[in-house]
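One-letter residues, chain by chain:
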Amino acid sequence: MKTLYRQFTIATLFILAISILIGFTIANIFYITVTKEETIEQNVGVAQEIVATVQNVPYSEESFDRYMQAVAKLGYQIALVDSAGDMKFYGEPFDDTAFPEEAQRVLTENGTYTGLDSFKDQIFMIGHFTNELHNTVGVPFERDGENYGLFIRPDTKLLGTDIHSVLIGFVVAIGLVSIIGMIWLARQLTRPIVQLTEATKHIARENYNYPLDIKRNDEIGQLSESFNLMQTQLQQNDLARKSFISNVSHDFQSPLMNIQGYADLLKSPDLPDADRLAYTSIIDQEAKRLSSLTRQLLLLTSLDQGAYPMKSKEFKLDEQLKAVVRKYRWRLEEEDINLSYSLAPTLFRGDAELLDNVWDNLLTNAIKYNKPGGSIEIALKTIGPDVIVTFKDTGTGIAAEALPQLFDRFYRGDAARKKDGTGLGLSIVEQIVQLHHGTIKVNSKIGEGSEFILTLPHSDVKQT
Ligand code: ADP
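These numbers come from a predicted model, not from an experiment. (Residues numbered from 1 in each chain as written. Predicted model: local features only at pLDDT ≥ 70, side-chain atom pairs only at ≥ 80, totals over all residues. Heavy atoms only, no water.)

A word on the overall build of the protein chain
On a plain count of helices and strands, the protein chain comes out with 11 helices and 13 strands. For the protein chain, the C-alpha radius of gyration of 51 Å lies well beyond 23 Å, the compact-globule estimate for 464 residues. Along the first, second and third principal axes, the C-alpha set of the protein chain runs to 155 × 60 × 35 Å. Evaluated residue by residue, the protein chain yields a buried proportion of 36% over its 464 residues. Contacts in the protein chain between residues far apart in sequence, at least 24 positions, make up 68% of those at least 6 positions apart. Here the protein chain contributes 45 positively and 60 negatively charged side chains, and the mean placements of these two sets differ by 15 Å. (Helix = DSSP H or I, 4+ residues; strand = E, 2+ residues; numbered from the N terminus. Rg over C-alpha atoms; globule rule 2.2 N^0.38 Å. Buried < 20%, exposed > 50% of the residue type's maximum accessible area, 1.4 Å probe, protein only. Contact = heavy atoms within 4.5 Å. Lys, Arg positive; Asp, Glu negative; His and termini not counted. Charge placed at Lys NZ, Arg CZ, Asp CG, Glu CD.)

Here's the deal with the confidence of the model for the protein chain
The predicted structure's coordinates, where accompanied by low pLDDT, should not be read in detail. Taken residue by residue, the protein chain gives an average pLDDT of 87. The fraction at 70 or more is 93%. Across residues 460-464, confidence stays below pLDDT 50; counting only partners more than four residues off in sequence or on other chains, it has 20 contacts. (pLDDT = per-residue confidence, 0-100.)

Quick word on the environment of Ile10
For Ile10, the position within the fold is in helix H1 (residues 4-54). Residues Ile10 and Ile183 lie 173 residues apart in sequence; the distance between their C-alpha atoms is 9.8 Å.

Regarding unusual backbone geometry
Residue Asn110 is not a glycine yet carries a positive backbone phi of 55 degrees. Tracing the backbone through its elements, the reader meets Asn110 in the loop between helix H3 (104-108) and strand S3 (113-114). Its relative accessible area of 55% is what places Asn110 among the exposed residues. You will see that Phe410, though not glycine, has its phi angle at about 70 degrees, which is positive.

Details of a nonpolar patch on the surface
Together, Phe14, Ile15, Ile18, Leu21, Ile22 and Ile26 make up a nonpolar patch on the protein surface, roughly 620 Å² of accessible area in all. Along the chain, Ile22 turns up in helix H1. According to the relative accessible area criterion, Ile22 is partly exposed, its value standing at 47%. (Patch = residues over 30% accessible without salt bridge, like charges linked within 9 Å, V, L, I, M, F, W, Y side chains within 5 Å. Areas by Shrake-Rupley, 256 points an atom, 1.4 Å probe, with all protein chains shown as cover. Salt bridge = Lys/Arg side-chain N within 4 Å of Asp/Glu carboxyl O.)

Considering the sheet that holds strand S9 (residues 375-383)
One open sheet holds the five strands; their spatial order is S7-S9-S10-S12-S11, and the pairing between them is mixed. What marks the edges here is a single partner per strand, and that holds for strand S7 (338-343) and strand S11 (439-445). Here the strands of the sheet are splayed against their neighbours by 10 degrees on average, with no regard to which way each runs. Of the pairings in the sheet, the one linking strand S10 (residues 386-393) to strand S12 (residues 449-456) comprises six bridges and is antiparallel in character. Counterpart to Lys392 in the pairing with S12 is Glu451. (Pairing = 2+ DSSP bridges. Axes fitted to C-alpha atoms, helices over the stretch in contact; angles between N-to-C directions.)

Overview of the site of the ligand
In the vicinity of the ligand lie 20 residues, with Asn365, Tyr369, Gly413, Thr422 and Leu426 positioned nearest. Here a nitrogen atom of the ligand sits 2.9 Å away from a polar atom, N or O, in the side chain of Asp393. Contacts to the ligand include Arg412, whose side-chain N or O atom sits 3.0 Å from an oxygen atom. Elements represented by at least two residues in the shell around the ligand include exactly helix H10 (352-368), helix H11 (425-435) and S12. Split by residue class, the shell around the ligand holds eight nonpolar, nine polar and three charged. (Near = heavy atom within 4 Å. Polar contact = N/O pair within 3.5 Å; in protein donor to acceptor, adjacent residues only side chain to side chain. Nonpolar A, V, L, I, M, F, W, Y, C, P; charged D, E, K, R; others polar.)

A closer look at the pattern of salt bridges
All told, the structure shown has 15 salt bridges when counted by the stated rule. For the salt bridge of Glu61 with Lys88, the shortest nitrogen-to-oxygen distance reads 3.6 Å. A residue pair is termed long-range when its members are at least 10 positions apart, and Glu61 in helix H2 (residues 61-73) and Lys88 in strand S2 (residues 87-90) qualify at 27 residues. With a relative accessible area of 32%, Lys88 lands in the partly exposed category. In this structure, Asp264 engages Lys267 in a salt bridge whose closest nitrogen and oxygen atoms are separated by 3.0 Å. On the basis of relative accessible area, Asp264 is assigned to the partly exposed category, the value being 43%. One continuous salt-bridge network, built from bridges that share partners, spans Glu61, Asp65, Lys88 and Arg143.

Digging into the side chain of Thr190
On the secondary structure map, Thr190 appears in helix H5 (residues 162-204). Within the structure, Thr190 has its side chain in polar contact with the backbone oxygen of Ala186 (distance 2.7 Å). Look past the residues within four positions of Thr190 in its chain and what remains in contact with it is Leu4 and Tyr5.

Here's the deal with the packing of helix H7 (residues 273-304) against H11
In contact at an axis separation of 10 Å, H7 and H11 are set at 35 degrees when each is read in the N-to-C sense. Along this stretch, H7 crosses H11, giving a crossing that reads as left-handed. Residues Gln296, Leu299, Leu300, Leu303 and Asp304 of H7 pack against Gly425, Ser427, Ile428, Gln431, Ile432 and Leu435 of H11. For the contact of H7 with H11, the class distribution of residues is six nonpolar, four polar and one charged. (Left-handed = near helix turned anticlockwise from the far one by under 90°.)

Quick word on the packing of aromatic side chains
According to the stated counting rule, one finds 10 aromatic pairs in the structure shown. Pairing Tyr113 with Phe151 gives two aromatic rings, centres 6.0 Å apart and planes at 65 degrees, and the pair type is edge-to-face. Placement of Tyr113 in strand S3 and of Phe151 in strand S5 (residues 146-154) is noted, with a sequence separation of 38 residues between them. Under the relative-accessibility criterion, Tyr113 is labelled buried at 3%. An angle of 80 degrees between the planes, with centres 6.1 Å apart, marks the rings of Phe315 and Phe348 as edge-to-face. Of this pair, Phe315 sits in strand S6 (residues 312-316) while Phe348 sits in strand S8 (residues 346-351), placing them 33 residues apart in sequence. Ring pairing ties together the aromatic residues Phe64, Phe141 and Tyr148, which thus form one cluster. Above the ring of Phe64, the side-chain terminus of Arg143 is found at 4.1 Å from the ring centroid. (Phe/Tyr/Trp six-rings, centres within 6.5 Å; stacked < 30°, edge-to-face > 60°. Lys NZ or Arg CZ within 6 Å of the ring centre and 35° of its normal.)

Quick word on H2
Helix length check: H2 (13 residues) gives 18 Å between terminal C-alpha atoms against 18 Å at 1.5 Å per residue, within 8%. Considering only its buried residues, H2 is in contact with H1, strand S1 (76-82), S2, strand S4 (137-143) and S5. One or two positions beyond H2, positive phi appears at Gly75, with a value near 120 degrees. (Expected span 1.5 Å × (residues − 1).)

A few points about the pairing of S8
Most of S8 is tucked away, with five of its six residues classed as buried. Here five bridges tie S6 to S8, and the two strands are oriented antiparallel to one another. Bridged to Lys313 within S8 is Gly350.

What follows is the structure, encoded as structure tokens:
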């Protein structure tokens, strides 16, 4: 695998190489177009200056040599050539003292020789630094009636002055620091990614506690924060899934055991008729409980899938509520509960089948958790943009500390343990209300009763 770290380092080195190449080319172009001419002019100027000083002045041979040596010490390599081709050198020796043909003009035609111009084939400025007689500027001069050629070039050894060493050190330091910096940066960038990759592997193995120690104030830091959040959420989902499975298994297990137990008892041939009837009724009750549990689970699963196909249509909400009340009239009478309602005629657009489940759950709860002789009030009204439906009972009420879990799956209050129920009803109610973009609130006082207030939004409402 091509690691990100390797790719980053290679890319950095590549960029560095390209910048060196481009920098070198630009420096060359600058040298060829500007510096070279200036250098030649400058050197010719210096040579002419020397000639002007020594020409026609009756220096002794010794004084002349001393003067030339002094000039050489200032940073020049000098060659003195006479018309016979004899050469005399001052300063640092040349590596190659071959006398170039073009330089002959200096002696024969009194012309000026500019050796750097003859390095035409060398695009790069390397030619500037070659230590050859070829690479000089030459001017003619006369001394004691003899023609000479004075050839000079700046001593490149002396060119490496302090400032040059400082500059070279500076460039090398920049290069080194950039390379080390880039490598360090690459490590800094890739380390958290490696950690994140490791963490994803742990998540795949259902370990949601992999510690991610990434504290950064950038996009990678944000990614790691989101990752930690996702890890916590996945852990919660995993716990919820496991507890859901265990609850479902338990809720299926107990009615099945009851059915099996009473069915065994029924096998006894000399069972009194009264017992037989009692056992059959228990089996019937438990089978109904299983059937309701399955129905609720199926409904929850389909709601959970997120893309529940809402079958929205316009219907009379007040009529639907009345129908639910009619369905439970016998139970209300049996439990001696007084039910009253005030239902404003309301046309509502929504999923009638789902909403029927909501009213069914709320009414059966209001009956189940009520007291004999208690009462239930149902109200339907439109306030401003919303339809408000309330179910108020005078039942057992709900403890304040139980309210936050009320809509959790399988949550059942202490008082509910003795009654039928699955603990799924209110979580289904909440989901359906949310699907209709509504909200549900509960006001309850233990011992006094509860009030469930549903608010369904305006856009779906029409007053008849
Ligand atoms: P269940 O099948 O147990 O009725 P629900 O989800 O419908 O499940 O309700 C969850 C719990 O909320 C119930 O077990 C009960 O403790 C409490 N509860 C719901 N409605 C009422 C109510 N009207 N009065 C008192 N307690 C209620």
